[in-house]
Amino acid sequence: MVTRIDLTLDCADAQLLRAFWKTALGYVDNPPPAPFRTTEEWFASLGLPEGESVEDGAWLCDPAGAGPRLSLLKVPEPKTAKNRLHIDVRIPGHGSAAERNARLAAEVVRLKEAGGSVLAEVEGRHVVMADPEGNEFCVALAAG
């Protein structure tokens, strides 16, 4: 039985995406697993090959514990195709159409300022965006 899921994004620059996704989702750095006090201490214990660094990855979590953890892992190959799985960033969907549209527009502006870009807009429903490395995600209204 699955009790929770984690999402992993392969990337070229884990620290760039770390900053973006912390802003986008309100996530924080995931604490290292026990008994380690720091991520660096945990990473050193793994016995990874020479040349790999803690900077090659980032691990984020929802501070409320409700959302999935997000791992960002540096890989050598570039992104070559559209994501088949993407993140939906949901914002409150209550209020009048004008209020909902204003919240959606404000969130898009906030994420553009954080380094995202708009790929497509579906009027009144959602906006397809990309993070700084081109990973697609949607900004959409939550039900009710």
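Up top is the structure these notes are about.
Definitions and cut-offs
Residues numbered from 1 in each chain as written. Predicted model: local features only at pLDDT ≥ 70, side-chain atom pairs only at ≥ 80, totals over all residues. Heavy atoms only, no water. Pairing = 2+ DSSP bridges. Helix = DSSP H or I, 4+ residues; strand = E, 2+ residues; numbered from the N terminus. Core = buried A, V, L, I, M, F, W, Y, C linked by side-chain atoms within 4.5 Å. Buried < 20%, exposed > 50% of the residue type's maximum accessible area, 1.4 Å probe, protein only. Contact = heavy atoms within 4.5 Å. Salt bridge = Lys/Arg side-chain N within 4 Å of Asp/Glu carboxyl O.

Caption draft 1: Structural view of the pairing of strand 6 (residues 117-122). With five bridges joining them, strand 6 and strand 7 (residues 126-130) adopt antiparallel strand pairing. The residue bridging Val118 from the neighbouring strand is Met129, located in strand 7.

Caption draft 2: Layout of the nonpolar core. Within the largest apolar cluster, 23 residues are counted, with the highest numbers of intra-cluster contacts made by Trp21, Leu70, Leu72, Leu111, Met129, Phe137 and Val139. Elements represented by at least two residues in this core include exactly strand 1 (6-11), helix 1 (14-25), strand 3 (57-61), strand 4 (69-74), strand 5 (87-91), helix 3 (97-113), strand 7 and strand 8 (136-141). Considering each element in turn, this core owes the most residues, five residues, to helix 1. Discounting residues that sit within four places of it in the chain, Leu72 has contacts with Leu9, Cys11, Ala14, Leu17, Arg18, Trp21, Asp56, Gly57, Ala58 and Leu60.

Caption draft 3: The pattern of salt bridges, seen in detail. All chains considered together, the criterion is met by eight salt bridges. Arg18 is paired through a salt bridge with Asp29; the nearest N and O atoms lie 2.6 Å apart. Pair noted here: Arg18 is in helix 1 and Asp29 is in strand 2 (residues 28-29), with a separation of eleven residues, a long-range link. Exposure remark for Arg18: the relative accessible area of 25% places this residue in the partly exposed category. For the salt bridge of Arg90 with Asp88, the shortest nitrogen-to-oxygen distance reads 3.5 Å. The structure contains a network of salt bridges with shared partners spanning Arg18, Lys22 and Asp29.

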